[in-house]
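# Overview (structure and organization)
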Amino acid sequence: KHPEAIATHYTLPGPVAIEAKSIHRQGVFNFTNGTPVPSLDRVDKKFVSFVVRQIGKQIEATIPKVSDKPIFLFVDLNLPTPVALRVVTQWKSEAENILNQVDPWCDSDGKFIGRKINMITVSNLGLSSMDHTARSSEFLHFFFTPDANECLYPEVSGLIPQLKEGFKNYGTYAELPR
């Protein structure tokens, strides 16, 4: 297994692994498997936890693909825009707990091991969730960016502000504070 792409940038000391994941939902992009696209009235604490676990599974599937490069991970939720908006207002602490479980910066003794993932972008592109009326301004992008000193490759964290700035041109942007 290998990442989807390897990227370089003149400001970086070396390449970065890029992985793009999509949470499959029934009927989205003609998928017949996966969970059904939920309605807004189904968004409760249990559903939010389910979505966070799905993101965690995408992180877990990514980490074994790369051992020698920092990782920028992009995950698309494939949810209707109103559902995604309700989910993301409730998920921050759970998402951080999942990140700490699947990509910890230290071992159980407190010894530094370093996170492999420098940036996770969780997006929801309305068009992917059968919302054909969604405009690009309704695309949602949320960022999880561990502190550089928690990462195995802290030197690539300097590029992250430029990436975030670029995303501001493509829909709704939100920084999830740490």
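What this report covers is the structure whose coordinates are included nearby. Keep in mind that what you see is a predicted model, and the values were worked out from it rather than measured.

## Some points on the overall build of the protein
Of regular secondary structure, the protein possesses 4 helices and 6 strands. Walking the protein from its N terminus toward its C terminus, one meets helices and strands in the order β-β-α-β-α-α-β-β-α-β. With 178 residues in all, the protein has 47% of them scored as buried. The long-range fraction of contacts in the protein, counting pairs at least 24 apart against all pairs at least 6 apart in sequence, stands at 72%.

## Things to note about unusual backbone geometry
We note that N78 has phi near 55°; this positive angle belongs to a residue other than glycine. Residue placement: N78 occurs in the loop between β3 (71-76) and α2 (81-88).

## Quick word on the environment of Q90
On the secondary structure map, Q90 appears in the loop between α2 and α3 (92-102). The partly exposed category is assigned to Q90, whose relative accessible area is 38%. It is 9.2 Å that separates the C-alpha atoms of Q90 and S49, two residues lying 41 residues apart in sequence. In this structure Q90 touches D44, K45 and V48, once residues within four positions along its chain are discounted.

## A few points about α2
Within α2, the full set of buried residues consists of T81, V83, A84, V87 and V88. Seen from one end, α2 has its buried residues packed into an arc of 160°, which puts them on one side. Elements that come into contact with the buried residues of α2 comprise α1 (45-62), β4 (117-124) and β5 (140-144).

## Thoughts on the side chain of T121
Counting through the fold element by element, T121 comes out in strand β4. T121 gets classed as buried once you look at its relative accessible area, which sits at 0%. Once you skip the residues sitting within four places of it in the chain, T121 turns out to touch L73, F74, V75, H141, F142, F143 and F167.

## Considerations on the packing of α1 against α3
Think of two packed helices as two axes; the pair is described by the angle between the axes and how far apart they sit. With their axes 9 Å apart at the nearest point, α1 and α3 run at an angle of 30° to one another. Between α1 and α3, the interaxial angle falls into the category roughly parallel. The two elements α1 and α3 meet at a crossing, and its hand is right-handed. On the side of α1, the interface is formed by K45, V48, S49, V52, G56, I59 and E60, while α3 contributes E94, A95, I98, L99 and V102. Taken together, the residues that form the contact of α1 with α3 break down as 7 nonpolar, 2 polar and 3 charged.

## Side note on a nonpolar patch on the surface
Together, W105, F112 and L152 give the surface a local cluster of nonpolar side chains, amounting to about 260 Å² of exposed area. Relative to the assigned elements, F112 resides in the loop between α3 and β4. Residue classification places F112 among the partly exposed positions, given a relative accessible area of 41%.

## Details of the pairing of β5
For β5, the buried fraction is high: 5 of the 5 residues fall into the buried class. The alternating pattern of β5 places L140, F142 and F144 on one face and H141 and F143 on the opposite face, and all of these are buried. Relative to β5, β4 is paired through 5 bridges, and the arrangement is antiparallel. In the sheet register, V122 faces β5, and the bridge partner there is F142.

## Digging into the packing of aromatic side chains
Following the criterion strictly, the structure yields 1 aromatic pair and no others. With 6.3 Å between their ring centres and 40° between their planes, F47 and F50 make a pair best called tilted. Pair noted here: F47 and F50 are both in helix α1, with a separation of 3 residues, about one helical turn. Note on F47: relative accessible area 5%, which makes it buried.

What counts as what
Residues numbered from 1 in each chain as written. Predicted model: local features only at pLDDT ≥ 70, side-chain atom pairs only at ≥ 80, totals over all residues. Heavy atoms only, no water. Helix = DSSP H or I, 4+ residues; strand = E, 2+ residues; numbered from the N terminus. Buried < 20%, exposed > 50% of the residue type's maximum accessible area, 1.4 Å probe, protein only. Contact = heavy atoms within 4.5 Å. Arc of directions from axis to C-beta. Axes fitted to C-alpha atoms, helices over the stretch in contact; angles between N-to-C directions. Parallel < 35°, antiparallel > 145°, perpendicular 65-115°, else oblique. Left-handed = near helix turned anticlockwise from the far one by under 90°. Nonpolar A, V, L, I, M, F, W, Y, C, P; charged D, E, K, R; others polar. Patch = residues over 30% accessible without salt bridge, like charges linked within 9 Å, V, L, I, M, F, W, Y side chains within 5 Å. Areas by Shrake-Rupley, 256 points an atom, 1.4 Å probe, with all protein chains shown as cover. Salt bridge = Lys/Arg side-chain N within 4 Å of Asp/Glu carboxyl O. Pairing = 2+ DSSP bridges. Phe/Tyr/Trp six-rings, centres within 6.5 Å; stacked < 30°, edge-to-face > 60°.

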